[in-house]
Amino acid sequence: MALETLAARYGTPLYVYSTHTLLDHFTKLDSALAPLDHLVCFAVKANSNLGVLRTLAEAGSGFDIVSEGELRRVIAAGGDPTRCVFAGVGKSEREIEFAIRQGIYSFNVESEPEIERIDRVAKRLGCRAPVAVRVNPNVDAHTHAKITTGTYENKFGIAIEQIEAVYARASRRRNIQLRGLQMHIGSQLTEVAPFRQAVEKVAPLARRLHEKYGLEFLSIGGGIGIVYQSALASGDPRWWTASKEAKSILTPATYAATLKPLLQSVGLRILVEPGRFIVGNAGALVTRVEFVKRTGSKNFVIVDAAMNDLIRPAFYDAYHEIVPIRRKAGAMISSDVVGPICESGDYFAKNRPLPKVREGDLIALLSAGAYGAVMSSNYNSRALVAEALVHGDQAELVRERQELEEIWARERVPSWLGRQKAKKRPARGRA
Ligand code: LLP
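Each value, and the rule that gives it
Residues numbered from 1 in each chain as written. Predicted model: local features only at pLDDT ≥ 70, side-chain atom pairs only at ≥ 80, totals over all residues. Heavy atoms only, no water. Helix = DSSP H or I, 4+ residues; strand = E, 2+ residues; numbered from the N terminus. Rg over C-alpha atoms; globule rule 2.2 N^0.38 Å. Buried < 20%, exposed > 50% of the residue type's maximum accessible area, 1.4 Å probe, protein only. Contact = heavy atoms within 4.5 Å. Areas by Shrake-Rupley, 256 points an atom, 1.4 Å probe, with all protein chains shown as cover. Lys, Arg positive; Asp, Glu negative; His and termini not counted. Charge placed at Lys NZ, Arg CZ, Asp CG, Glu CD. Phe/Tyr/Trp six-rings, centres within 6.5 Å; stacked < 30°, edge-to-face > 60°. Lys NZ or Arg CZ within 6 Å of the ring centre and 35° of its normal. Near = heavy atom within 4 Å. Polar contact = N/O pair within 3.5 Å; in protein donor to acceptor, adjacent residues only side chain to side chain. Domains from an automatic or database assignment. Salt bridge = Lys/Arg side-chain N within 4 Å of Asp/Glu carboxyl O. Arc of directions from axis to C-beta. Pairing = 2+ DSSP bridges.

**Student:** Is there a simple way to think about the overall build of the chain in this case?
**Tutor:** If you tally the helices and strands in the chain, you get 13 helices and 18 strands. Whereas a compact globule of 431 residues would reach a radius of gyration of roughly 22 Å, the chain reaches 24 Å, a difference of no more than 12%. In terms of overall dimensions, the chain has C-alpha extents of about 85 × 65 × 40 Å along its principal axes. Buried positions account for 52% of the 431 residues belonging to the chain. Long-range contacts, defined here as pairs at least 24 residues apart, represent 71% of the contacts in the chain between residues at least 6 apart. For the chain, the accessible area works out to roughly 20600 Å², and carbon and sulfur atoms hold 50% of it. Measuring between centres, the 58 positive side-chain charges of the chain sit 4 Å from its 46 negative side-chain charges.

This is the structure we're talking about:
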């Protein structure tokens, strides 16, 4: 499917996802982990579109969810709640009750007050709730500060030194079933070393807890990084072929080969919770050039997508590769690619060498499948964009573009301001 065709059919800005790439990434990781007894639980937060979830559910994926909303999405997409783990530091009573009723595989708990709350809700429902405690192994993942989670500087998990005491106390609770142990040290990890370090620290603990409490699983979290930047960034004139050749720095093969021997010795079912690795490079954000503006020494390419559609560059200084959809010959021009929002932070790239583009040209922001559409907002009263899923030579909208009126449909003018009066139009033709 040509992105140009999809842009013509569905308009821009448009997220486009590839079924083939989604399944390819899922299968690569799933088969690299074999013959370990394991379950891949896709991190729904990375991309929660029903079409994406259904595609993965049919491939046999479980899901890592963080809210009632995400669990309801999984169910709406035909996913199996008994293959879901529920993470997050602030689960509400209502969310816990809903998840128990749906029969989720495990709560990944982050604190003792949370265990107490789950115990209380399970007692009310007359059952035992399955629980895994998230251990914070205090390992530096060497990733962006806003997405590192495995050190004591973070709000996540319980310090490794305290874990055994926590299990001992939790084991005395009637309505708690200790089912597993969980960890997650951060996102967009591009080396295997921090994973190895963390698993080395946690494996002996998992074995001891398994012996004492009969755990079923160890989840090693998500975090496998992807390639965002390929040869295009270096100004390599072969960028359109070079980017296809780019290999993931951390392949599922390296990941699995390094961790499998350590995990095999634990003797538990292994869960992984990848988000970005599965869907990041399966998606692009297609946008159209509105204007090209030269001012001072700068060349600004103003596009119709903005930070509300893809916030990663503004929020994390993230790099997304940008390519014109029609291959352009000629010299590269150093350009800032920006959106229409009234903020200097509304940019996708700064001083990026790009082929010359013109008003109306289509460009694609690559690697936008993870933490793209899910992090979008209505800032500047811009409608949430459409999403399309490609399957071979077919494509369908998997999310319609939002209508502008939907943005304020649940807002009200308070009663003391009275009914909205029809504005009188100034009569025409009078001075
Ligand atoms: N498991 C847990 C407990 C997590 O907190 C996360 C991500 C994952 C799994 C999935 O991580 P992944 O495999 O996708 O790296 N918005 C940021 C990323 C935030 C990640 C939050 N937790 C970004 O755009 O880079």
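**Student:** When you look at the packing of aromatic side chains in this model, what are you seeing that I'm missing?
**Tutor:** Each aromatic ring pair is summarised here by two numbers: the centre-to-centre distance and the angle between the ring planes. All told, the structure shown has 6 aromatic pairs when counted by the stated rule. Ring geometry for Tyr15 versus Tyr17: centroids 6.2 Å apart, planes at 20°, classification stacked. According to the relative accessible area criterion, Tyr15 is buried, its value standing at 1%. Between the aromatic rings of Phe195 and Tyr255, the centroid separation amounts to 5.1 Å while the plane-to-plane angle is 85°, which identifies the pairing as edge-to-face. Of this pair, Phe195 sits in helix α8 (residues 193-213) while Tyr255 sits in helix α10 (residues 252-264); the two residues are 60 residues apart in sequence, bridging distant segments of the chain. Like Tyr255, Phe195 is buried. In this structure, Lys91 is placed above the aromatic ring of Phe86, and the distance from its NZ or CZ to the ring centre is 5.6 Å. We note Lys350 situated over the ring of Tyr347; from NZ or CZ to the ring centre the distance is 4.3 Å.

**Student:** When you look at the side chain of Gln402 in this model, what are you seeing that I'm missing?
**Tutor:** By the element assignment, Gln402 lies in the loop between β18 (394-399) and α13 (404-407). Excluding residues within four positions of it along the chain, Gln402 makes contact with Asn378, Ala383, Leu384 and Ile407.

**Student:** Help me understand the site of the ligand in this model?
**Tutor:** In the vicinity of the ligand, 18 residues are found, and the nearest of them are Ser187, Glu273, Arg312, Tyr316 and Tyr371. Within the side chain of Glu273, a nitrogen or oxygen atom sits 2.7 Å from a nitrogen atom of the ligand. Backbone polar atom of Arg276 to an oxygen atom of the ligand: 2.8 Å apart, as the coordinates give it. In terms of domain composition, the shell around the ligand takes at least three residues from each of domain 1 (88-272) and domain 2 (282-401).

**Student:** How should I be thinking about the pattern of salt bridges in this particular structure?
**Tutor:** Pairing of side chains with opposite charge becomes possible as their charged atoms draw close. Evaluated as defined, the whole model comprises 19 salt bridges. Of the charged contacts, one joins Arg173 and Asp119 as a salt bridge, the two residues approaching to 3.3 Å between their closest N and O atoms. Remark: Asp119 occurs in helix α6 (residues 112-125) and Arg173 occurs in the loop between α7 (163-171) and β8 (176-182); sequence separation between them is 54 residues. Accessibility expressed as a relative area gives 28% for Arg173, which makes it partly exposed. Residue Arg179 is joined to Glu216 by a salt bridge in which the shortest nitrogen-to-oxygen separation is 3.3 Å. Here the residue Arg179 occupies a position in strand β8, and Glu216 occupies one in the loop between α8 and β9 (217-219), the gap between them amounting to 37 residues. Here the salt bridges do not stand alone but share partners, grouping Glu93, Glu97, Arg101, Arg120 and Arg124 into one network.

**Student:** Any chance you could explain helix α1 (residues 3-10) here in plain terms?
**Tutor:** Because an α-helix completes one turn every 3.6 residues, residues spaced three or four positions apart along the sequence face the same direction. The complete set of buried residues in α1 reads Leu6, Ala7 and Tyr10. Looking straight down α1, one finds that the buried residues subtend no more than 100° of arc, so they occupy a single side. Packed against the buried residues of α1 are β1 (14-18), β11 (283-295), β16 (362-365), β17 (386-391) and β18. Just downstream of α1, Gly11 is the residue with a positive phi angle, here 80°.

**Student:** Sorry, what's going on with the pairing of strand β10 (residues 269-272) here?
**Tutor:** Regular strands place their side chains on alternate faces of the sheet. The pairing of strand β2 (residues 38-43) with β10 spans 3 bridges and is parallel. When the bridges of β10 are listed, Leu39 appears paired with Leu271.

**Student:** I keep staring at the environment of Ala383 and nothing clicks. Help me out?
**Tutor:** As for its placement among the helices and strands, Ala383 is situated in the loop between β16 and β17. Among the residues examined, Ala383 registers a relative accessible area of 19% and is labelled buried. Between the C-alpha atom of Ala383 and that of Glu405, which follows or precedes it by 22 residues, the distance is 9.0 Å. When neighbours within four sequence positions are excluded, Ala383 is seen to be in contact with Asp309, Asn378, Gln402, Leu404 and Ile407.

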